[in-house]
Amino acid sequence: MPRYCAASCCKNRGGQSARDQRKLSFYPFPLHDKERLEKWLRNMKRDAWTPSKHQLLCSDHFTPDSLDVRWGIRYLKQTAVPTIFSSPDDQGPRATSEQ
Ligand SMILES: [Zn+2]
């Protein structure tokens, strides 16, 4: 089953990151932790939405300090909340500055 990111602005899928596929991980929503789940959804701007246990968010939305790295494997901290959600409007205008 292919993994994909539940963020509406994100097109990342398992093994296919737009940036660097080796850095991409997928994490399940904290369904058991209502308070944290609310923060996740608020940051995603999807308050009214309830993810299923099969839905995942990719590591692009977490700051590096949200992750613990042990033996090269990244673990999401128990307190981590995703904060990086670029809107589709952010893409495009600056594409020419990369040379
Ligand atoms: Zn994503």
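Below, the structure is looked at part by part. Think of each chain on its own: its residues are numbered from 1, step by step along the sequence as written. Restriction of local features to residues with pLDDT of at least 70 applies here, the model being predicted, together with a cutoff of 80 or more for giving and counting side-chain atom pairs; totals for whole chains, interfaces and linings are based on all residues. Heavy atoms throughout the structure, all of them, feed into the side-chain values; hydrogens and water do not.

Here His-61 lies in the loop between β2 (56-58) and β3 (67-70). For every residue, the accessible area (1.4 Å probe, protein chains only) is compared with the maximum for its type, and the residue is labelled buried under 20%, exposed over 50%, or partly exposed between those bounds. The exposure class assigned to His-61 is buried, which follows from its relative accessible area of 3%. Note on definitions: a residue-residue contact is assigned when non-hydrogen atoms from the two residues lie within 4.5 Å. In contact with His-61, not counting residues within four places along its chain, are Cys-5, Ala-7, Cys-10, Pro-82, Thr-83, Ile-84 and Phe-85. The way it works is that DSSP assigns letters per residue, a run of H or I at least four long becomes a helix, a run of E at least two long becomes a strand, and they are numbered from the N terminus.

Glancing now at unusual backbone geometry. Located in the positive-phi region is Lys-45, a residue other than glycine, with phi close to 60°. Positionally, Lys-45 belongs in the loop between α1 (34-44) and β2. Within the chain, Trp-71 stands out as a residue other than glycine whose phi angle is a positive 55°. Topologically, Trp-71 is positioned in the loop between β3 and β4 (73-76). Under the relative-accessibility criterion, Trp-71 is labelled exposed at 84%.

This part takes up the coordination of the zinc ion. Distances from the zinc ion to its protein donors, Cys-5 (SG), Cys-10 (SG), Cys-58 (SG) and His-61 (NE2), fall at 2.1 to 2.3 Å. Each metal's donors are the N, O and S atoms within 2.8 Å of it, or within 3.2 Å when it is Na, K or Ca, and because water is not part of the set, sites may look incomplete. Only four donors with every angle between 85 and 135 degrees are called tetrahedral; only four or six donors with opposite donors over 155 degrees apart and all others between 65 and 115 are called square planar or octahedral, in that order; all others are irregular. Viewed at the metal, the four donor atoms of the zinc ion are separated by angles of 100 to 114°, and the geometry they form is tetrahedral. One chain supplies every donor to the zinc ion, and in sequence these donors are spaced C-x4-C-x47-C-x2-H. Of this pair, Cys-5 sits in the segment before β1 (26-28) while His-61 sits in the loop between β2 and β3, placing them 56 residues apart in sequence.

Our next topic: the pattern of salt bridges. We define a salt bridge as a contact between a side-chain nitrogen of Lys or Arg and a carboxyl oxygen of Asp or Glu at a distance within 4 Å. Within the structure shown, the criterion is met by two salt bridges. Here Asp-33 makes a salt bridge to Arg-36, at a shortest N to O gap of 3.7 Å. Residue Asp-33 is classed as partly exposed on the basis of its relative accessible area, which comes to 26%. Given a relative accessible area of 10%, Arg-36 falls into the buried group. In this structure, Glu-38 engages Arg-42 in a salt bridge whose closest nitrogen and oxygen atoms are separated by 3.5 Å. Of this pair, Glu-38 and Arg-42 both sit in helix α1, separated by four residues, roughly a single helical turn.

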